[in-house]
Structure formats: structure tokens, C-alpha cells
Amino acid sequence: MNNKAGIEQYLYASFGPELKFGRWLMVSKAFTDKLVGNIGALLLDDKVAIVGIGYSGFSPATPSQSYKELIFDAASRAYAECSVNPRKDVESFVCCEEDLWEGTSITDEYAPDQLGAAQRNICTVSQDGLNGVATAYMHIKSGVASIAVVESHSKLSNVLSQSQVREFALEPYYERPILSDGIPVAAMQMRRFMHDYKVTEEDIAQVVSKNKKNGLFNQRSSYAADVSVEQAMRSPFVWNPLRRIQMAPPADGCVVAVLASAEKARSMTEQPVWIKGIGWNSASTSAESAISSDALYAKEAAKMAYKIAGVNSPKSYFDFAEVDDTYAFKELQHAEALGIADMDVSKGNMPAVAPVPINMSGGSLSLGDLVEATGLVRLLEAVQRLRNAERKRSKGSKRALVQSWRGIPSSSGAVAVLGVE
Amino acid sequence: MEYNPLFDGTYHLRPWVDSLPLEYKYSLGVAGKTFSEGLRRGKILASKCSRCNESRIPPSIYCVGCFGYSDGYVQVSETGTLYSFASRGDLVVAAVEFKGVKGLLFHRLVVSDRNKLEIGAPVRPVFVQEAIRKGDITDIDHFELAV
Ligand SMILES: [Zn+2]
């Protein structure tokens with residue numbers, strides 16, 4: 001029974017012959033409901049903004065700080081930026097971490113204190129930091145929280161068994177006896193991608209050279225260098241066709257982001273960066289999706305985020321993109337999946353200039369692999385660039401695309417659409 | 001004088017190092033056991049979905065495509081094709097696909113002539129002697145080019 005019929009029946013039971021009056025009341029109620037709804041939609045601004053972002057580390061090693069101190073450092077900066085007291089104002093904390101990289105199981109139990117989150121609403125998302133942003137975004141959208149915090153970090157310099165942890169991620173019966181530390185998965189995917197999209201060694205060397213050089217202008221880069229395409233092509237193979245210089249080396253660091261509802265955001269910062277859309281996806285645990293030439297997870301996550309944000313033609317919508325480049329070929333693969341590359345297979349190669357500038361920050365190739373924090377690093381770089389452009393009143397950078405991938409052997413990723421308007 | 005770590009050049013940089021041995025058993029399950037028994041008999045088995053007929057390796061009792069129940073098993077063709085490969089020194093690791101079967105099998109590839117190594121090349125499994133097979137993936141010693 002629909003509501004209208006229900007009300008009518010109730011009115012008849014209550015008023016009997018005076019139903020005429022009841023009908024009038026109903027019409028009137030429908031009208032006022034609609035009116036209130038429309039005014040409400042105008043007044044109710046349910047957007048979500050990033051109002052503060054802080055970071056620490058961004059170094060190949062951070063021996064003088066524990067991971068908790070790295071988090072405290074980044075969190076303090078994020079809270080200071082938007083004048084938030086975590087002990088009172090924050091209604092949801094989301095941490096993104098993974099037991100084996102931490103060296104402690106049930107590692108979420110060690111998360112609250114250094115974030116100011118003791119005895120408060122905290123949960124761990126065992127995923128990339130950008131998935132944590134999606135969780136916090138939903139907490140705010142649903143009204144569970146009006147201010148939420150997302151944290152993720154890397155202390156890879158403390159992980160003495162890095163290749164064993166990667167090996168542990170492989171399927172134990174079919175894959176572990178064969179695939180060494182998992183790096184062959186990336187190398188095989190790279191070969192198949194190059195084959196299907198007719199991408200050359202030089203195309204990939206260009207990504208390396210571009211990102212390493214871009215990193216020279218970024219204070220946070222640990223591995224930036226003036227590397228030419230020719231130099232990149234001479235780097236030794238780790239697993240042919242994957243060369244050492246095409247892999248993001250490990251780095252330590254922490255990023256903490258503060259998200260807020262539109263109502264709160266405007267009083268917390270003069271420069272809110274709006275999350276216009278967000279999406280996430282996992283392709284499949286199957287081997288063929290781990291080494292597929294198409295990044296289906298990125299394609300599907302983008303579809304979800306673009307739908308929420310109303311992005312119809314990504315190539316013209318975005319001013320720049322921060323895309324996962326943990327391995328150099330992944331930048332090209334992800335750009336294609338996100339619909340921001342002009343990859344014309346029939347032409348046989350990649351164009352020199354992409355329609356949307358990618359990884360002007362230097363990407364992971366310059367900043368390093370920060371495991372679960374990598375998505376938040378891409379987010380940090382996008383937020384800083386959007387804010388700087390606004391400060392300089394430059395019109396070029398108002399809309400950004402941010403994408404993360406969870407690394408080998410996964411086919412999981414997330415996408416966020418950011419804007420300052 | 002009261003101890004101040006800031007005046008100590010090295011002590012606070014000294015980490016605590018620890019390690020724990022971890023050991024697990026991994027239950028192969030119904031589909032895994034069937035695959036394992038296939039290996040002992042020198043066969044590579046794929047599962048077959050009872051709803052959409054999709055075959056898949058490694059086998060599973062659920063269909064990845066339609067979530068149907070897969071209770072049938074089929075032997076894959078004698079030769080597969082090279083989906084992709086990676087190499088380090090003499091070691092070549094390959095992803096092999098089989099006609100009409102979704103999924104891939106990873107294994108070592110032994111080739112005498114590297115020039116013949118290319119995506120799409122036909123390959124076949126070489127099993128170890130039946131007497132020493134254990135039902136492990138290494139019952140296949142390696143794959144070789146079938147040209
Ligand atoms: Zn099926």
C-alpha cells in the first residue's frame with residue numbers, strides 16, 4: 001500500500017463523511033511536502049570537503065621516529081590547518097593499514113592514541129588510503145559524522161622482510177611455488193599490456209623520465225632525478241621486461257586528511273577542496289585479472305566516481321590527474337582505463353602529450369612506494385596543487401582526478417574526483 | 001645529568017629487531033583436491049559451471065562469471081598458449097592459457113631458443129615421473145614450447 005492510500009484510509013476512518021475535508025488536507029499536504037522538499041534541497045548542501053591535510057616523513061627511511069610519532073606529526077599538522085580538536089570535534093576516524101607491513105597483527109588496536117582518537121569512533125579499512133576517504137565520505141554523507149579523519153602511513157624502512165611479505169600475498173598453492181616475490185606478476189602484466197596496446201620501451205621510458213624530472217620541483221620527493229629517456233632505457237632488468245628504474249622504490253611517510261560536511265567546511269577553511277565523486281572496485285582474485293592488459297578495477301571505480309560527479313568526458317573535464325605509477329607502465333594503463341589518455345592502438349604507440357597532464361608531482365616514481373598510504377599521497381599532491389592554483393588565481397587547475405591501486409598481485413583500486421568550485 | 005635523548009647522537013636511532021616464525025596449512029577444498037589428484041595422473045583439470053558452462057583454471061566450485069555451482073571438471077587441451085612471460089637470467093616464468101578455458105596457470109618455462117619466445121606461442125606441460133608426483137603444482141616440472 002502506498003503512503004497516499006494509507007493516509008486516505010486513515011482519514012476516512014477518522015473523519016468518515018468529512019472525507020472531503022480530508023482530501024483537501026491531503027492535497028495541501030502533498031503540496032507543502034513538495035515545497036519543503038524543494039527549499040530543503042536548496043538549503044541542504046550535502047557536499048563533502050577536504051578541509052585539512054598534513055603529512056610527515058617522505059623519506060627513504062625515518063629512523064628517528066616511530067610510526068606512531070610519524071602519525072602524530074602528520075595529524076597535528078592536519079588538525080592545525082583547519083583548527084580541529086580531535087578529542088572533541090572529530091566524529092569518525094578511519095585508518096588504512098595492513099598487518100604484515102606493520103609487523104603487528106590486529107594492528108588497528110594500535111591506531112587510536114597517536115591520532116587523538118582514544119575512546120572515540122574509529123575503524124580500520126584494510127585497503128589503500130583512498131578507500132578510507134570513500135568510507136569517511138560516506139560517514140559524512142549519511143550524517144553519521146560531520147567531521148571525519150583519514151590516516152594512512154608507510155614505515156617500509158622497518159620492514160626487513162619486504163619481499164617475503166610480497167610473496168605472502170600470492171595464492172599459496174598455485175602461485176607461491178612459481179612466482180618468487182610477486183614481481184614477475186608485474187613484469188608479465190607489463191609485457192601483455194605493451195603487446196595489446198602496442199606500447200614501446202621508449203613510451204615507458206618517457207613516463208620514467210617525465211615523473212623523475214617532475215619530482216625535482218616537489219619537496220616531498222625522495223627519488224627525483226634528471227633522468228633522460230635514453231638513461232631510463234639503459235636501466236637493468238629486474239624481471240625482463242621490467243627495469244629497476246620503472247619501479248617505485250620504498251619510502252616512509254604518513255598522510256592525514258580531515259574531511260567535513262559543507263556546513264562545517266566553510267567555517268573551517270577558506271580553501272575547501274570538494275570531493276565531487278568517489279568510487280572503488282576490485283576486479284577478481286583470478287590470475288588473469290592480476291596480469292590483464294586492462295585495469296578493469298580503475299575503469300569501474302572511475303565509472304562510479306564519474307557518475308556521482310557528473311563527469312561525461314574526462315579528457316576535457318579534468319585539469320590534471322594524480323594516477324598510480326608504482327610501475328611506470330601502470331601510469332599508461334591507468335590513464336587508458338580512466339579515459340584520460342589518447343591511446344590509439346591502430347597508430348601503434350602513445351602520444352607524447354596526454355590530453356590531461358598526469359603526475360606533475362613526480363608520482364610514486366619520484367615520491368616512492370608508500371604502500372597503503374599511496375592513494376593519500378596522490379590526494380595530498382592534488383589538494384596542494386588545487387590550493388596553490390587558487391591562491392595564485394590561476395584558472396588552469398580547478399578539477400583533479402586522483403586514482404589508487406593496491407599493488408601486486410591485486411586488481412583493486414579507487415578513484416576520487418576533486419574540485420575547488 | 002638527566003638523560004636527554006636529543007644530546008645522544010645514536011641511541012634513539014637504534015631500533016628493536018624481532019622476528020616470529022609463522023606457519024600455516026592451506027585446505028585445498030573440493031576443487032583444489034580434484035585439481036591435485038589430476039596432477040598425479042598427469043592431467044590439468046578445469047572446473048565447469050553447471051549454469052553457464054564456463055570452464056576455469058584454477059578450478060573452483062563457484063563460477064566467477066555467474067556465481068553458479070561448478071561441479072563438473074574437464075581436462076584442458078594438451079597444448080596451451082603463452083599469455084605472457086617474464087625472465088630473469090635463465091629463469092622464465094610464464095602465464096599459460098588454454099583454449100575454451102578462462103583463467104591462467106603460472107609456471108616455469110624451459111626454452112632452448114629464446115628467439116622463439118613470444119606471446120601466443122604454443123606450450124605444453126612436462127610432468128615429473130609419476131612415482132614422485134605429490135599432487136603439488138610442481139608435479140608439472142615446467143612448460144616447454146610445442147613447436
Ligand atoms: Zn557460470
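Residues numbered from 1 in each chain as written. Chains lettered and ligands numbered in written order. Predicted model: local features only at pLDDT ≥ 70, side-chain atom pairs only at ≥ 80, totals over all residues. Heavy atoms only, no water.

### Focus: the coordination of the zinc ion
Residue and element names in this part refer to chain B. Rules: Metal-coordinating donors are taken as N, O and S atoms lying within 2.8 Å of the metal, or within 3.2 Å when the metal is Na, K or Ca; because water is left out, some sites can appear incomplete. Sites are called tetrahedral only when four donors show all angles between 85 and 135 degrees, square planar or octahedral only when four or six donors show opposite pairs over 155 degrees and all other angles between 65 and 115, and irregular in any remaining case. Between buried and exposed lies partly exposed: a residue is buried under 20% and exposed over 50% of the maximum accessible area for its type, with that area taken using a 1.4 Å probe on protein chains only.
Surrounding the zinc ion are the protein donor atoms Cys49 (SG), Cys52 (SG), Cys63 (SG) and Cys66 (SG), which sit 2.2 to 2.4 Å from the metal. With four donor atoms in place around the zinc ion and angles of 100 to 116 degrees between them, the coordination shape is tetrahedral. In primary-sequence terms, the residues that donate to the zinc ion follow C-x2-C-x10-C-x2-C. Here Cys63 falls in the buried class, since its relative accessible area comes to 5%.

### Examining the nonpolar core
Under the convention used in this document: Residue types Ala, Val, Leu, Ile, Met, Phe, Trp, Tyr and Cys, when buried and joined through side-chain atoms within 4.5 Å, form a set referred to as a nonpolar core. Secondary structure counts use DSSP, requiring at least four H or I residues in a row for a helix and at least two E residues in a row for a strand, with both numbered from the N terminus. The contact criterion used throughout is that any non-hydrogen atoms of two residues lie within 4.5 Å.
Ranked by size, the top nonpolar core spans 91 residues in total, and within it Ile340 of chain A together with Leu105 of chain B carry the most contacts. Per-element tally for this core: the top contributor is helix 7 (residues 183-197) of chain A, with nine residues. Once you skip the residues sitting within four places of it in the chain, Ile340 of chain A turns out to touch Pro314, Lys315, Phe318, Ala321, Val323, Ala335, Pro355, Val356, Ile358 and Leu401 of chain A. Formed by 39 residues, the second largest nonpolar core is a distinct cluster that contains Leu376, Ala414, Leu418 and Val420 of chain A.

### With respect to the confidence of the model for chain A
The condition is simple: Values of pLDDT, which run from 0 to 100, indicate the predictor's confidence residue by residue.
Predicted confidence across chain A gives a mean pLDDT of 90, with 87% of residues reaching 70 or more. With pLDDT under 50 throughout, residues 1-22 of chain A is counted as low confidence; its partners more than four residues away or in other chains account for 13 contacts.

### Notes on the packing of aromatic side chains
Rules: A pair of aromatic rings is counted whenever rings of Phe, Tyr or Trp (Trp by its six-membered ring) have centres within 6.5 Å, and the orientation is called stacked for planes under 30 degrees apart, edge-to-face for over 60 and tilted otherwise. Only lysine NZ and arginine CZ atoms are considered, and such an atom sits over a ring when it is within 6 Å of the ring centre and within 35 degrees of the ring normal.
Tallying each qualifying case throughout the model produces twelve aromatic pairs over all chains. For the ring pair Tyr174 of chain A and Phe35 of chain B, a centre distance of 5.0 Å and an interplane angle of 65 degrees mean the geometry is edge-to-face. Taken together, the positions of Tyr174 of chain A in the loop between helix 6 (162-168) and helix 7 and Phe35 of chain B in helix 1 (residues 29-40) put the pair across two chains. Taking relative accessible area as the criterion, Tyr174 of chain A reaches 10% and is therefore assigned buried. For Phe35 of chain B, a relative accessible area of 0% puts it in the buried group. Aromatic rings pair up to connect Phe193, Tyr197, Tyr327, Phe329 and Trp405 of chain A into one cluster. Above the face of the Tyr55 of chain A ring, Arg220 of chain A is positioned so that its terminal group lies 4.8 Å from the ring centre. The positively charged end of Arg385 of chain A is found above the aromatic ring belonging to Phe320 of chain A, 5.9 Å away from the centroid.

### Details of the sheet that holds strand 9 (residues 140-145) of chain B
The test is simple: For two strands to pair, DSSP has to find at least two bridges joining them. Here an axis means a line fitted to C-alpha atoms, over the contact stretch when the element is a helix, while the angle between two N-to-C directions is reported on a 0 to 180 degree scale.
Within the closed barrel, the five strands sit side by side as 4-5-7-9-8 (chain B). Their pairing is mixed. Between one strand and the next, the sheet's axes are offset by a mean angle of 50 degrees, whatever the strand orientation. By the bridge criterion, two bridges tie strand 4 (residues 80-88) of chain B to strand 8 (residues 122-127) of chain B in an arrangement that is antiparallel. Along strand 8 of chain B, the bridge assignment pairs Gly80 of chain B with Val123 of chain B. Sheet strands in contact with helix 7 of chain A are strand 4, strand 5 (91-97) and strand 7 (105-110) of chain B, and its direction is about 120 degrees off that of strand 4 of chain B.

### Details of the interface of chain A and chain B
Here is the rule: Note on terms: buried area is the combined drop in 1.4 Å-probe accessible area of two parts once they are placed together, counting the loss on both. We define a salt bridge as a side-chain nitrogen of Lys or Arg found within 4 Å of a carboxyl oxygen belonging to Asp or Glu. As used in this structure description, the phrase polar contact means that two N or O atoms lie within 3.5 Å; if the pair is within protein, one of them must be able to donate a hydrogen and the other to accept it, and residues adjacent in sequence are counted only when both atoms belong to side chains. All residues other than Ala, Val, Leu, Ile, Met, Phe, Trp, Tyr, Cys, Pro, Asp, Glu, Lys and Arg, Gly among them, are scored as polar; the first ten of these are nonpolar and the last four charged.
Listed by partner, the interface residues are 30 residues for chain A and 36 residues for chain B. Together, the buried faces of chain A and chain B total about 2800 Å²; carbon and sulfur atoms form 69% of this surface. Where chain A touches chain B, the interface holds zero salt bridges. The tally of links from chain A across to chain B stands at six residue pairs in polar contact (both at pLDDT 80 or more). If you tally residues by element for the side of chain A that touches chain B, the top one is helix 7 of chain A, at six residues. Of the residues that constitute the side of chain A that touches chain B, the class distribution is 17 nonpolar, eight polar and five charged.

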